[in-house]
Amino acid sequence: MKFDFVQGPLNVLDMRLAKSGWLSRLAGMGSAFFARSVFLQGLLLMPSSERPKKFDQWSKEWRIWEEYLRETGLTAVQACLRHLVRIPNVDKIIVGIASAAQLNEVIKSLDGDLPPLPDGLAIEDDRLLEPTNWLYL
């Protein structure tokens, strides 16, 4: 079966589809890939003071992420989007917006430099990466 496009989660914490080789395989089959959950349901955009306590068990990853943003001077939106546009075989990025200002921020955030992401940021913990599991945290 050939799909015109496939959408799936991909973000700075969740690189499973890229690491597994599926993005390359999909491209080889002629299928476009649309990245979703690019902000991990907003968790990647939240300051630590606003993130629900149940996510504190990933404090190491949050610390790495926040330090990276501080050191690079990037906003979370810039880092998340610039990371995805540099991944081979990502054809589109799906984001939710609530205002014209957010749309403008997304558009402006796509261009610019992106220093390499730090080691240890991408994880494979389904408890965090699969929002359906958040009910059980």
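Whatever comes next refers back to the structure up there.
Rules of the game
Residues numbered from 1 in each chain as written. Predicted model: local features only at pLDDT ≥ 70, side-chain atom pairs only at ≥ 80, totals over all residues. Heavy atoms only, no water. Axes fitted to C-alpha atoms, helices over the stretch in contact; angles between N-to-C directions. Helix = DSSP H or I, 4+ residues; strand = E, 2+ residues; numbered from the N terminus. Parallel < 35°, antiparallel > 145°, perpendicular 65-115°, else oblique. Left-handed = near helix turned anticlockwise from the far one by under 90°. Contact = heavy atoms within 4.5 Å. Nonpolar A, V, L, I, M, F, W, Y, C, P; charged D, E, K, R; others polar. Salt bridge = Lys/Arg side-chain N within 4 Å of Asp/Glu carboxyl O. Buried < 20%, exposed > 50% of the residue type's maximum accessible area, 1.4 Å probe, protein only. Pairing = 2+ DSSP bridges. Core = buried A, V, L, I, M, F, W, Y, C linked by side-chain atoms within 4.5 Å.

Undergrad: Can you help me understand the packing of helix α4 (residues 76-85) against helix α5 (residues 100-109) in this one?
TA: It is at 8 Å that the axes of α4 and α5 come closest, and there the two elements cross at 55 degrees. Comparing the axis directions of α4 and α5 gives the class oblique. Considering how the two elements wind past one another, α4 and α5 form a crossing that is right-handed. Within the contact between the two elements, α4 uses V77, Q78, L81 and R82 and α5 uses E105, V106, K108 and S109. Looking at side-chain class alone, the contact of α4 with α5 contains three nonpolar, two polar and three charged residues.

Undergrad: Sorry if this is basic, but what is going on with the pattern of salt bridges here?
TA: Side chains that carry opposite charge are capable of pairing whenever their charged atoms lie near each other. A full pass over the atoms with the stated rule returns five salt bridges. The partner of D14 in a salt bridge is R16, and the shortest N-O contact between them spans 2.8 Å. Using a relative accessible area of 1% as the deciding quantity, one classes D14 as buried. For E66, the salt bridge is made with R51, and the minimal N-O distance between the two is 2.9 Å. You can see E66 sitting in helix α3 (residues 59-72) and its partner R51 sitting in the loop between β2 (32-36) and α3, a full 15 residues away along the chain. Each of D14, R16, D126 and E130 takes part in salt bridges that share partners, so that together they form one network.

Undergrad: What's the story with the sheet that holds strand β1 (residues 5-9) in this structure? I'm lost.
TA: Adjacent strands of a sheet form backbone hydrogen bonds with each other and so pair up, either parallel or antiparallel. Read across the sheet, three strands follow the order β1-β2-β3 without closing on themselves; strand pairing throughout is parallel. At either margin of the open sheet sits one strand with a lone partner, and together these are β1 and β3 (92-93). Pairing between β1 and β2: five bridges, direction parallel. The residue bridging V6 from the neighbouring strand is F33, located in β2.

Undergrad: Even after reading the chapter, I still don't get the nonpolar core, so can you show me in this structure?
TA: Inside soluble globular proteins, nonpolar side chains tend to come together where they are buried. Grouped together as the largest cluster of nonpolar side chains are 36 residues, with contacts concentrated most on L10, L13, L44, W62, W65 and L128. Those elements that place two or more of their residues in this core are α2 (22-28), β2, α3, α4 and α6 (126-129). Among the elements that take part in this core, α4 stands out by supplying six residues, more than any other. With residues up to four places along the chain from it excluded, the contact list for W65 reads V12, L44, A76, A79, C80 and L121.

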